[in-house]
Amino acid sequence: MNKIRINRLKDKGFSVLGMVSTLFGLILLGVLFGDIIIEGVQRINWDFLTNLPSRKPEKSGIFTAMMGSVWILLLTTIISFPIGVAAAVYLEEYATKGRLSRILEINISNLAGVPSIIYGLLGLEVFARLMGLGPSVLAGSLTLSLLILPIIIVATRESIKAVPSSIRDASFALGASKWQTTYFQVLPASFGGILTGVILALSRAVGEAAPLIVVGALAYVPFAPKTPMDEFSVMPIQIFNWISRPQHGFIVNASAAIIVLLVITFAMNGVAMYLRSRWQKRIKW
Amino acid sequence: MRRYKELVIEKFLLFSALITILTTVGIILVLAIEAFKFFSEVSIFDFFTDTEWTPLFTIKHYGILPLLSGTFLTSFIAIAVALPLGLTIAVFLSEYAPKKFRNFIKPSLELLAAVPTVVYGFFALTIVTPFLQQIIPGMSGFNSLSAGIVMGIMIIPIISSLSEDALNAVPYSLREASYGMGSTRLQTAFKVAVPAASSGIVVSIILAISRAIGETMIVAIAAGQQPRLTANPFVPIETLTAYIVQVSLGDVQHDSIEYRTIFAAGITLFVFTFILNNISHWVKNKYREEYE
């Protein structure tokens with residue numbers, strides 16, 4: 001065999017290897033979900049969704065954890081959405097290219113790389129202890145808001161950047177102020193991208209367990225939270241708790257809870273992707 | 001009146017942006033203050049040289065090495081899994097696969113990173129560990145191998161997506177020149193495209209390492225809770241992050257030395273990820289190759 005043939009063979013070989021590697025991850029994902037669905041799907045029924053946690057696996061439900069997750073999601077959205085968008089608007093539309101905006105930029109990308117559990121330590125000390133919020137829904141939401149702020153800011157900046165400056169010039173030429181231009185032109189035009197980023201960030205928040213455990217969220221909560229100051233658990237923590245029990249019944253429960261959690265996460269990701277593709281198609285500058 | 005309103009709005013926007021700075025300052029202050037209190041009771045020398053970490057036992061030792069070794073062992077296994085796979089996928093998607101296939105596969109792979117980490121922990125404990133125990137008899141139910149492998153699968157998309165972006169940014173003319181000289185796709189990929197995209201690829205690897213070091217739930221579920229200075233991947237260990245979770249779940253008095261140990265572990269973790277993140281910025285800015 002001459003060298004050319006060997007090289008061509010290597011080329012073909014890598015092509016096969018690449019295909020196998022690419023499919024490897026997806027197949028593993030399939031195996032994982034298949035196993036979880038087989039184990040857990042028969043456990044999902046109305047009782048499972050509405051029962052309080054119990055010492056007996058067949059009587060346990062995810063109601064308190066699910067309500068905790070809903071509370072966390074709601075408060076985190078209310079806190080992080082305006083702050084994240086505002087910070088991005090400041091960086092893109094208002095900040096002059098100087099020392100401050102450079103520091104802000106480096107700082108934001110650094111924050112994105114800080115492990116989530118470190119945010120938990122911050123939340124424990126500042127929100128739960130110094131501000132006296134205790135291990136409450138509010139303390140947890142504030143912690144997660146700080147965690148997802150960098151993601152929201154980066155996504156919002158990207159979509160604001162995509163708005164052409166001619167739109168702004170036209171608005172200024174009609175006598176609009178800076179804020180009027182931002183609020184009536186730039187933000188509506190970039191809203192699809194912003195929404196996509198926020199939803200993706202929130203889907204990350206729904207799956208987080210570690211920072212909330214550190215802030216003091218409990219593995220066992222007898223009742224669903226009623227106010228932002230109540231103690232709480234969330235679905236990932238409930239799953240974690242069930243995984244660490246020895247009885248097989250709890251493993252089944254964990255699988256069932258994972259199915260519910262994955263449905264929520266993937267639904268959020270799906271909506272985000274749909275919004276992204278729709279917005280990309282509709283707006284042509 | 002309108003001027004006044006504009007000014008107030010601008011101040012609010014600026015304040016929102018400054019919250020990110022406050023967050024960083026907050027993290028550093030909280031970790032530093034609590035770690036300072038910790039080191040007023042434990043000598044720094046012991047912290048770095050003692051080979052036992054037993055703050056929750058009667059005979060207390062405060063050596064961070066066992067937790068550090070646990071963290072590095074699991075991260076090393078994760079990178080050993082994710083690096084070859086992630087890089088192969090990136091090269092395959094950018095140099096070999098048809099555009100349509102790539103546009104479908106890339107978001108699907110990114111789903112791997114969207115799965116909550118407790119789910120991966122469950123996967124490691126209930127599927128991977130029993131499977132590995134059949135091959136390696138005597139392996140413990142909690143071990144760093146299984147946790148590391150699953151963590152590796154989780155971080156594949158970080159390497160594959162970011163590296164693929166970097167490869168995609170390499171202008172096509174470079175490849176055409178290589179093809180024109182008779183190279184195969186494989187030669188073009190590894191001798192032209194990969195070197196040209198090397199800074200982006202290195203950044204993706206560093207980010208993946210940093211993510212592995214900070215990963216919590218997988219190791220808390222599947223790697224065990226026994227701080228141990230070892231390189232043996234078959235026995236239970238404990239990572240920095242898993243220790244923080246373990247203490248947080250228990251009843252620990254505020255303002256006790258046990259309480260402060262989680263901040264000592266936290267600052268150690270923060271320092272490592274902070275250094276890695278800054279290296280990645282530095283590489284990104286310094287070695288970016290620009291093409292016309």
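Keep in mind that what you see is a predicted model, and the values were worked out from it rather than measured. Per-chain numbering applies: the sequence of each chain, read as written, is numbered from 1 onward. Labels follow written order: the first chain is A, the first ligand is 1, and so on. Local features in this predicted model are restricted to residues of pLDDT 70 or higher, and side-chain atom pairs are both shown and tallied only at a pLDDT of 80 or more, whereas totals for entire chains, interfaces and linings draw on every residue.

(A) Summary view of the overall build of chain B. Helix and strand assignments come from DSSP, with helices taken as H or I runs of at least 4 residues and strands as E runs of at least 2, each series counted from the N terminus. Each helix and strand in chain B was counted, giving 12 helices and zero strands. The principal-axis extent of the C-alpha atoms belonging to chain B is close to 75 × 70 × 35 Å. Three exposure classes are used, all based on how many other C-beta atoms lie within 10 Å of a residue's own C-beta (placed from the backbone): buried at 20 or more, exposed at 12 or fewer, and partly exposed between those limits. Burial status across chain B gives 48% buried among its 292 residues. Note that contacts rest on C-beta atoms placed from the backbone: two residues are in contact if these are within 7 Å. Contacts in chain B between residues far apart in sequence, at least 24 positions, make up 74% of those at least 6 positions apart.

(B) A look at the packing of helix H10 (residues 235-243) of chain A against helix H5 (residues 117-135) of chain B. Relative to each other, H10(A) and H5(B) sit at 15°, their axes nearing to 10 Å. What the angle tells us is that H10(A) and H5(B) run roughly parallel. Crossing angle aside, the handedness with which H10(A) passes H5(B) is left-handed. Together, Pro236(A), Ile239(A), Phe240(A) and Ile243(A) of H10(A) and Val118(B), Gly121(B), Phe122(B) and Leu125(B) of H5(B) make up the contact between the two elements. Along the lines of polarity and charge, the residues of the contact of H10(A) with H5(B) split into seven nonpolar, one polar and no charged. Each axis is a line fitted through C-alpha atoms, and for a helix only the stretch in contact is used; angles between axes span 0 to 180 degrees, taken between their N-to-C directions. Our angle categories are set so that under 35 degrees counts as roughly parallel, over 145 as roughly antiparallel, 65 to 115 as roughly perpendicular, and the remainder as oblique. When the near helix sits turned anticlockwise from the far one by under a right angle, the crossing is termed left-handed; a clockwise turn instead gives a right-handed crossing. Side-chain classes follow a simple rule in which Ala, Val, Leu, Ile, Met, Phe, Trp, Tyr, Cys and Pro form the nonpolar group, Asp, Glu, Lys and Arg form the charged group, and the remainder, Gly included, forms the polar group.

(C) The packing of helix H6 (residues 137-161) of chain A against helix H8 (residues 178-207) of chain A, seen in detail. Residues and elements named next belong to chain A. At a minimum axis separation of 8 Å, H6 and H8 run at an interaxial angle of 150°. Comparing the axis directions of H6 and H8 gives the class roughly antiparallel. For the pair H6 and H8, the sense of crossing is right-handed. Across the interface between the two elements, Leu-144, Leu-147, Ile-148, Ile-151, Ile-152, Ala-155, Thr-156, Glu-158, Ser-159 and Ile-160 from H6 touch Val-186, Ser-190, Gly-193, Ile-194, Thr-196, Gly-197, Val-198, Leu-200, Ala-201, Leu-202, Arg-204 and Ala-205 from H8.

(D) Structural view of helix H9 (residues 198-214) of chain B. A rise of 1.5 Å per residue sets the reference length of H9(B), with its 17 residues, at 24 Å; its end C-alpha atoms lie 24 Å apart and thus fit the reference within 8%. By the criterion of burial, H9(B) is predominantly enclosed, with 13 of the 17 residues buried. By definition here, a helix of n residues has an expected span of 1.5 Å times n minus one.

(E) Structural detail: the confidence of the model for chain B. As a per-residue measure, pLDDT tells how confident the predictor is, with possible values from 0 to 100. The predicted model of chain B averages 90 in pLDDT, with 98% of residues at 70 or higher. Scored as a complex, the prediction yields pTM 0.92 and ipTM 0.91.

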